[in-house]
Amino acid sequence: MHSSESQVPAMTNWAGNISFSAARFHRPASVGEVQQIVGASKAVRALGTGHSFNRIADTTGDLISVTDLPRIIEVDSQRSLVRVSGGIRYGEVGGQLAAAGLALSNTGSLPHISVAGACATGTHGSGVGNPNLSDAVQEITMVVPSGDLVTVGRDTAPDEFSGSVLALGRLGIITELTLRIVPGFEVSQTVLEDVPDDQVGTHLMEILSSAYSVSIFTSWNPMVPQRIWRKARVLDDNGFHPKSVHPKSWGGRPATVAHNPLPGMPAEHATQQLGVPGPWNERLPHFRLNFTPSSGEELQSEYLLPLELAGPAWAALSEIRQKIAPVLQIGEIRTVARDSMWISPCTGQDSVAFHFTWIPDPVAVLPVVTAIERQLAPFRARPHWGKVFTTSPEALANLYPRLGDFHALAQRYDPTNKLGNEEVDNWFRAVGVPSR
Ligand SMILES: Cc1cc2nc3c(=O)[nH]c(=O)nc-3n(C[C@H](O)[C@H](O)[C@H](O)COP(=O)(O)OP(=O)(O)OC[C@H]3O[C@@H](n4cnc5c(N)ncnc54)[C@H](O)[C@@H]3O)c2cc1C
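Reading guide: rules and limits
- Residues numbered from 1 in each chain as written.
- Predicted model: local features only at pLDDT ≥ 70, side-chain atom pairs only at ≥ 80, totals over all residues.
- Heavy atoms only, no water.
- Phe/Tyr/Trp six-rings, centres within 6.5 Å; stacked < 30°, edge-to-face > 60°.
- Helix = DSSP H or I, 4+ residues; strand = E, 2+ residues; numbered from the N terminus.
- Buried < 20%, exposed > 50% of the residue type's maximum accessible area, 1.4 Å probe, protein only.
- Near = heavy atom within 4 Å.
- Polar contact = N/O pair within 3.5 Å; in protein donor to acceptor, adjacent residues only side chain to side chain.
- Areas by Shrake-Rupley, 256 points an atom, 1.4 Å probe, with all protein chains shown as cover.
- Pairing = 2+ DSSP bridges.
- Axes fitted to C-alpha atoms, helices over the stretch in contact; angles between N-to-C directions.
- Contact = heavy atoms within 4.5 Å.
- Expected span 1.5 Å × (residues − 1).
- Core = buried A, V, L, I, M, F, W, Y, C linked by side-chain atoms within 4.5 Å.

Tell me what's going on with the packing of aromatic side chains, and back it up with residues and numbers.
In this structure the tally under the stated criterion is 13 aromatic pairs. Ring centres 6.4 Å apart and planes at 45° place the aromatic pair Trp220 and Phe354 in the tilted group. Residue Trp220 is found in the loop between β13 (213-218) and β14 (226-234), and its partner Phe354 is found in strand β19 (residues 351-358); the two are separated by 134 residues along the sequence. For the residue pair Trp220 and Phe354, the accessibility class agrees, reading buried in each case. Measuring from centroid to centroid gives 5.3 Å for Trp385 and Trp427, while their planes differ by 45°, and the two rings are tilted. Pair noted here: Trp385 is in the loop between β20 (382-383) and α10 (393-399) and Trp427 is in helix α12 (residues 422-427), with a separation of 42 residues, a long-range link.

Let's hear about the site of the ligand: which residues, and what values?
In the region of the ligand, 35 residues are neighbours, and Ala46, His51, Ser52, Ser114 and Ile174 sit closest. One of the backbone nitrogen or oxygen atoms of Gly117 is found 2.9 Å away from an oxygen atom of the ligand. A distance of 2.7 Å is found between an oxygen atom of the ligand and a side-chain nitrogen or oxygen belonging to Thr121. Contact with the protein chains removes 99% of the 960 Å² of surface that the ligand exposes when unbound. Among the secondary structure elements, those contributing two or more residues to the shell around the ligand are β3 (44-47), α3 (115-121) and β10 (173-180). Counting residues per element, the shell around the ligand draws most heavily on α3, at five residues.

Tell me about the sheet that holds strand β5 (residues 73-76), and please be specific about residues and values.
Taken in spatial order, the five strands line up as β5-β6-β10-β8-β9 in an open sheet, and their pairing is antiparallel. Of all the strands in the sheet, just β5 and β9 (149-153) have a single pairing partner and so form its edges. Across this sheet, the average inter-strand angle for adjacent strands is 15°, counted without regard to direction. With respect to the sheet, helix α2 (residues 90-99) is in contact with β5 and β6 (81-85), its orientation differing from that of β5 by roughly 40°.

Quick one: what's the story with helix α9 (residues 362-376), residue by residue and with numbers?
Its 15 residues give α9 an end-to-end C-alpha distance of 20 Å, which sits within 8% of 21 Å, the value for a rise of 1.5 Å per residue. Residues of α9 that are buried: Val365, Val368, Val369, Ala371, Ile372, Glu373, Gln375 and Leu376.

I'd like a description of the nonpolar core, backed by residues and values.
It is characteristic of soluble globular proteins that their nonpolar side chains tend to be buried jointly. Counting residues in each nonpolar core, the largest one holds 98 residues, and the members touching the most others are Trp358 and Trp385. With six residues, the single largest contributor to this core is α9. Core analysis: the next-biggest nonpolar cluster, separate from the first, contains 10 residues, Val34, Val66, Leu69 and Leu419 among them.

Purely geometric numbers; function is a separate question.
Dropping the structure here:
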């Protein structure tokens, strides 16, 4: 048995809905060790912080966490870049950058998620001008199936780079990433509550573009008013200022107490609200780094589609509210700017994202997930790769013009399909990946 290797005692993902089927779990302490494990393995995969809700990170062979690799957060302020190790969590990078007066331009809702794992699935925050987190990546270094260490850069190999970052862990084990950074900025977060449902439907685009980052939290129950969370940049050069947040309140009123995005969960787990300005890394995520996020008792799904279709898509989902509401804890609507990654849900299109935090009951939830996919099919909705979905391989091939190119790139690095797994192979079945 390898020094860093252990038998896997029924290891699960964060939500506990997936038990990994790996024969061995490794936490290598050096890149050389990662190379040895990958080179010798017949089936291998990387595990980040385990925050995905499907079998995307699973393998029957060797599951590798890069958490114990030497910790790197190295700022190059001259070139506006930060180099980080793959296992680093966004919250750790954010703290260090903010202390140095620097920033990432956006974050997801959770600071606990690893940078490599988030970028691998297209994790995003919100904002009409903010692409998903993988768009900030400038270079990656990964251990590829042969055991070799390969670096792919945005400037040195632009096309291949666009297939290699948001790659579902399919090409290699990422040991390092270099991210673009910007000057530090402050954000003030305010919540509008009791916004009537019909106001949201009518003014969706206006609301979603009313601050730097906007989330609409909805129960999809027309009788329950909605909450609009707005994160505005303070005194920035794009004209965002707390006082310049869209003055309308769409029939709602500013909250006078702090909230948690999840109904019934403690407000102190959520980042500071009530308009108190503070550093970007303590406002852009919904949850604080030093608290357990959410409850874990949940499943999640999310669909991304062209931003200009937000209104009709809202109307289509409204037709099946009576199915959605009973199995939903909370829904969230966000925006994500376009990017150029081959298999990004936002590739080539500014997008709206309809997110669903479900009750932890797959039997009750899965038929509703399929019903949502049926409603959103006319809008060419792409599922979030890290969440629960039932979209067919044929539909995925149709939604992603470069899925075939991605499969060809994977075959080049991985001719024996070491880094595939049952779930991911199935997604790519329609572009020629055989079933296991
Ligand atoms: C409470 C909660 C809140 C969330 N909020 C958001 C949100 O705001 N926005 C959003 O878009 N998503 C959100 N998600 C989903 C989450 O961001 C994604 O599932 C993300 O991929 C999880 O990252 P991870 O490090 O846990 O990766 P894992 O789930 O561990 O792995 C995901 C994929 O990344 C690959 N991977 C991980 N590490 C590496 C590596 N070093 N090298 C190569 N491949 C690697 C794995 O092989 C796998 O394919 C949320 C999830 C939870 C549980």
